Amino acid sequence: MSFSSIDDNPQSAGVASRAPPREVRGKRTRGTSSLVFDLPEKLPNLGFEDGFLYWVCDFEKPGTLSLGINREGGGIRIIGHGGSWELRYKPLLRASGMEHYVLEAKVKCNFVDRRFTFSGAGSAFASINVMALDEDLNPIRVRFSRWTFGDPGEPFLREDLGIWSCGNISFCGSLGWRHLYSFFKPPRGTKYLSLSVRGGGRGEVYIKGLRLSRRIPNGVRLNVRPTPFKSVPQALLYKRIPLGDYAGKFLRIGDLNGDGRPEFVFAQNERIGPGDIYKHITCITAVDLEGNILWQRGRPDLRNYEVTSDLPVGVMDLNGDGKDEVICCMNFEILVLDGITGEIVRRKPTPKSREGGGYCEGPETLFERITGDCIVFCNLRGQGEGRDFILKDRYNNLWAYTADLDELWSYSGKLIHSPLVYDFDGDGRDEVFTGDALLDDSGRVLWTIDLYDHCDSAVVYEHRGMLILALAHQNGGFYFLDALRGEVLKEHHLGHAQVLSLGRFDPSVNERLICAQTYWGGLNQFLFDLDGNLIHASFEKVFGWVPVNWIGDGTELLASPRGLYDCYGNLLIEFPDSYTRSKWGAKVFVWDVGNDPRDEVLVWDEYYLTIYTQAERAKGEVYRPKRRLYNQTFYGNGNFVSL
Ligand SMILES: [Ca+2]
Ligand SMILES: [Ca+2]
Ligand SMILES: [Ca+2]
Ligand SMILES: [Ca+2]
């Protein structure tokens, strides 16, 4: 064991070559630490074997918290009666950004409430937190001088992604004893790690065996590996369409005039209330492949280009005449627009807003009716794909409609951004995964689940005779569930889980893999096998995220605005003339625009929409993934992948 008190003798411990500055001493008196340890395995009583030795508690409201020793099972018991609390481990661990750590614990919890808000107020949860500290004991922020790689899924090219938070293990709801872990590499500049357990809400939490070790989990390979691809078609610039003042980061695609070629529908928006939940569409513009405007509704204004969420627009042939209609919400009405003229075919007021669970940003009830968030097409009544659709608000409520705008049913819960629709039970009608529940086609709840924060991305797949639902939960982790029962099979707490993409990404592996990314609080990319095992990790970088059927032989690459990556972070194809001027960051979709049935890659910003295609024609039969690309939307990388 190697430890010392900074106050007593910093030199001898080799912790710091000089006495810490005065402000560090000031901070430390608030409770972080005067002790520094060198070996994570030797942190005394980190696992609560000796009760609360070396731990200090703080809480929001007196009388709302009771701590005790769990005499039967070991470790500690925390009983909360509302209000937030924190248990801080006083010693610090000397750490470095060059090392990998595993944090693990056995936990059990039973929260009475099922509440979650981004602000933390009223949230029922517990979280084992790791803070990375610099030399002055300040938390380290994840910052970049510029984006030189990949694509973070959410195309906001922020250079400050907030305080690093990739080591946290957060949980809520009711769990029997479970072994949870996080695996992380501290950010550059890390000198110390500080550990705490935080929580809030009414309920019980048991924790024991908290352990930190310097290691890499079994079976995980690190960093960039040589590409498993032998030959990949080069990219050609197929078309570059200059966009006008109508351009929007929100795009949907379809064949509006039935000529077999896609048209583009751009939506602009403005914020009309606080937070990120109140925004409405200000302009919708349909554009053909030559850049001609087919029609436009609303007022174009390039200042309304940017968006940080989905918008309620969908493109689908609702009446089966071979031409797509556009369905959207404008000015608190659901509109069905003729695809060729943009004229209103049908209209109905949007649903009355309602509180639901008030999750995430709180109740979305500022306006009498909802502005609308995402539209997802599905087949609820067995009448074919796209004859029904789901419309939702941002986090709390969704409504199922027919193409004739008759409401079928509605649901309130903690919602995923873009609901995943798939025929889970094979009866010819879609079930809807809402983010916290699976609903059958009639809206009946089949199961619910309570995971920390909210679901950003989901994919469903069949594997070894089982249907598996993989989830990426913001700040919660990556989860693999038995899709028919809603039971967690595996979970990995790896940061702000943002993106899941499913495809055959490695031609040397005879099965599909799941590429996963984290975003806010740390950019990392991971690979999981279909059993839900973590097999590869790449820290401090993300690469492409949209699966692309580029080669046509069943394998797939990942698209970014710059080019095509393999799943190990190798840039295999750099797009010719891939320059984008966007101040907000370009966005990427795939679509079979022309040539053979392989995907083209679409990259657009406020100035141009650029389409890349393969330089060589495909030979023989061309693979076509089963994807509902018509549901490709803002967060739609994972959610449209249903195989
Ligand atoms: Ca067309
Ligand atoms: Ca039609
Ligand atoms: Ca079904
Ligand atoms: Ca094509």
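Residues numbered from 1 in each chain as written. Chains lettered and ligands numbered in written order. Predicted model: local features only at pLDDT ≥ 70, side-chain atom pairs only at ≥ 80, totals over all residues.

Novice: Quick question: what am I supposed to make of the overall build of the chain here?
Specialist: Within the chain, the secondary structure is distributed over three helices and 46 strands. When the backbone C-alpha atoms are referred to their principal axes, the chain occupies close to 80 × 50 × 50 Å. A total of 643 residues make up the chain; the buried ones form 50% of that total. In the chain, 60% of the contacts between residues at least 6 apart in sequence involve partners at least 24 apart. (Helix = DSSP H or I, 4+ residues; strand = E, 2+ residues; numbered from the N terminus. Buried ≥ 20, exposed ≤ 12 C-beta atoms within 10 Å, placed from the backbone. Contact = placed C-beta atoms within 7 Å.)

Novice: What exactly am I supposed to notice about the nonpolar core here?
Specialist: Judged by nonpolar contacts, the single largest core of 175 residues is most densely connected at V265, C328, A458, A470, I514, A516 and L558. Among the elements that line this core, the one with the most residues is strand 13 (residues 192-214), at nine residues. Non-local contacts of A516, meaning those with residues more than four positions away in its chain, are made with A472, F478, A497, V499, L500, F526 and F528. (Core = buried A, V, L, I, M, F, W, Y, C linked by C-beta atoms within 7 Å.)

Novice: What is the right way to read unusual backbone geometry from this model?
Specialist: For residues other than glycine, phi is negative in most cases, and the peptide bonds are mostly trans. Not every positive phi belongs to a glycine, and N331 is a case in point at roughly 50°. By the C-beta count within 10 Å, which is 13 here, N331 ends up partly exposed.

Novice: What is the right way to read the sheet that holds strand 15 (residues 235-242) from this model?
Specialist: In a beta sheet, neighbouring strands are held together by backbone hydrogen bonds and run either parallel or antiparallel to one another. With antiparallel pairing, four strands are arranged side by side in an open sheet as 15-46-45-44. Whereas interior strands pair on both sides, the edge strands pair on one side only; in this sheet they are strand 15 and strand 44 (587-591). Direction aside, neighbouring strands of the sheet carry axes that sit 25° apart on average. In terms of strand pairing, strand 45 (residues 600-604) meets strand 46 (residues 608-614) through four bridges, oriented antiparallel. What sits directly across from V603, in strand 46, is T610. (Pairing = 2+ DSSP bridges. Axes fitted to C-alpha atoms, helices over the stretch in contact; angles between N-to-C directions.)

Novice: How should the pairing of strand 31 (residues 445-448) be read in this particular structure?
Specialist: In summary, the side chains of a regular strand alternate between the two faces of the sheet. Examined bridge by bridge, strand 30 (residues 437-439) and strand 31 share three bridges and lie antiparallel to one another. Within strand 31, the residue paired with L439 across the bridge is V445.

Novice: Explain the pairing of strand 19 (residues 293-298) here, please?
Specialist: In the sheet, strand 18 (residues 279-287) pairs with strand 19 via five bridges, with the strands oriented antiparallel. What sits directly across from C283, in strand 19, is G298. The antiparallel pairing of strand 18 with strand 19 creates a hairpin that spans five residues between the two strands, and G291 there sits at a positive phi of about 90°.

Novice: How should the sheet that holds strand 14 (residues 221-222) be read in this particular structure?
Specialist: The five strands lie next to each other as 14-39-38-37-36, forming an open sheet whose pairing is mixed. What marks the edges here is a single partner per strand, and that holds for strand 14 and strand 36 (497-503). Where strand 38 (residues 524-528) lies against strand 39 (residues 534-539), five bridges are found, and the strand directions are antiparallel. In the sheet register, Q525 faces strand 39, and the bridge partner there is S538.

Novice: Whenever I open this one, the confidence of the model for the chain confuses me. Can you help?
Specialist: Residues at a pLDDT of 70 or more form 92% of the chain, whose mean pLDDT is 91. Across residues 1-31, confidence stays below pLDDT 50; counting only partners more than four residues off in sequence or on other chains, it has 43 contacts. (pLDDT = per-residue confidence, 0-100.)

Novice: I keep staring at the environment of I272 and nothing clicks. Help me out?
Specialist: Looking at the element boundaries, I272 is found in the loop between strand 17 (263-271) and strand 18. Sequence-wise, I272 and T371 are 99 residues apart; in three dimensions their C-alpha atoms are separated by 9.8 Å. Those residues within four positions of I272 in sequence are excluded, and the remaining contacts are Y278, K279 and H280.

Novice: Looking at this model, I keep getting lost on the environment of V205. Mind explaining?
Specialist: Its place among the elements puts V205 in strand 13. V205 gets classed as buried once you count the C-beta atoms within 10 Å, which come to 24. C-alpha of V205 to C-alpha of G342: the two residues are 137 residues apart in sequence and 56 Å apart in space. Setting aside chain neighbours within four positions, we find V205 in contact with I78, V107, C109, A126 and G199.

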